[in-house]
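Reading the structure
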Amino acid sequence: QVQLVEAGGGLVQTGGALSLFCAASGRIFSTTIMGWYRQTPGNQRELVATISNDGEAIYGDSVKGRFTISRNIYKNTVTLYMNSLKPEDTAVYYCNARNDVKVSYSVWGQGTQVTVSS
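Scope of this entry: the structure provided in the associated data block.

About the thresholds
- Residues numbered from 1 in each chain as written.
- Predicted model: local features only at pLDDT ≥ 70, side-chain atom pairs only at ≥ 80, totals over all residues.
- Heavy atoms only, no water.
- Helix = DSSP H or I, 4+ residues; strand = E, 2+ residues; numbered from the N terminus.
- Rg over C-alpha atoms; globule rule 2.2 N^0.38 Å.
- Buried < 20%, exposed > 50% of the residue type's maximum accessible area, 1.4 Å probe, protein only.
- Pairing = 2+ DSSP bridges.
- Axes fitted to C-alpha atoms, helices over the stretch in contact; angles between N-to-C directions.
- Contact = heavy atoms within 4.5 Å.
- Salt bridge = Lys/Arg side-chain N within 4 Å of Asp/Glu carboxyl O.

Concerning the overall build of the chain
On a plain count of helices and strands, the chain comes out with zero helices and 11 strands. Its helices and strands taken in sequence order, the chain reads β-β-β-β-β-β-β-β-β-β-β from the N to the C terminus. Since a compact globule built from 118 residues should have a radius of gyration of about 13 Å, the 14 Å found for the chain is in line with a globular shape. Once the C-alpha set of the chain is aligned to its principal axes, its extents read approximately 45 × 25 × 20 Å. Per-residue burial for the chain yields a buried fraction of 39% across its 118 residues.

Below, the structure written as structure tokens:
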């Protein structure tokens, strides 16, 4: 099965930047969408950004213009470039790999903490 390994979380000041990395291993279907979601205590997990196999990216409204997602299809990796960070971006960030065609699955990484100090 697909497994995801995340890296890159940490502490940054308001206005700073961080990059999150996610590497997938296992059987990955060509239609798999990969991306990042985030969650804070007491709240539901929300979309940060996803990217399809053909490079189509979707961003959550709160991060548009500040975050950029990139995918290396050959290496099965996804990078989230986070810029102009705000305290509201503080959350646990989870990598996700989801497939909805032929075979359905949704796999999550362990989560990595991003903290933006005010």
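Resuming the write-up.
Digging into the sheet that holds strand β7 (residues 67-72)
As a general point, the strands of a sheet are linked pairwise by backbone hydrogen bonds and lie either parallel or antiparallel. Sheet architecture is open: four strands sit in the order β1-β3-β8-β7, paired in antiparallel fashion. Taken across any chain shown, the strands that pair with only one partner, and hence form the sheet edges, are β1 (3-7) and β7. Pairs of neighbouring strands in the sheet enclose a mean axial angle of 15°, with direction left out of account.

Side note on the environment of N83
With respect to the element layout, N83 can be found in the loop between β8 (77-82) and β9 (91-99). Look at N83 and you get partly exposed, because its relative accessible area is 35%. Put simply, N83 and V12 are 71 residues apart on the chain and 11 Å apart in space, counted from C-alpha to C-alpha. Sequence-distant contacts of N83, that is, excluding residues within four places in its chain, are made with G16, A17, R66 and F67.

Regarding unusual backbone geometry
With phi around 55°, N76 is a residue other than glycine that occupies positive phi space. Along the polypeptide, N76 turns up in the loop between β7 and β8. Even without glycine at this site, K102 takes up a positive phi of about 70°. Relative to the elements of secondary structure, K102 occurs in the loop between β9 and β10 (105-108). Relative accessible area serves as the criterion here: at 83%, K102 is assigned to the exposed category.

Re the pattern of salt bridges
Side-chain pairs of opposite charge can arise where the charged atoms are in close proximity. Applying the stated rule across the entire model yields five salt bridges. Across the pair D89 and R38 runs a salt bridge whose closest N-O atoms are separated by 2.9 Å. You can see D89 sitting in the loop between β8 and β9 and its partner R38 sitting in strand β4 (residues 33-39), a full 51 residues away along the chain. The residues D89 and R38 share a single accessibility class, namely buried. Several salt bridges share partner residues, and in doing so they unite R38, E46, R66 and D89 into one network.

Keep in mind that these numbers describe shape and distance, not what the molecule does.
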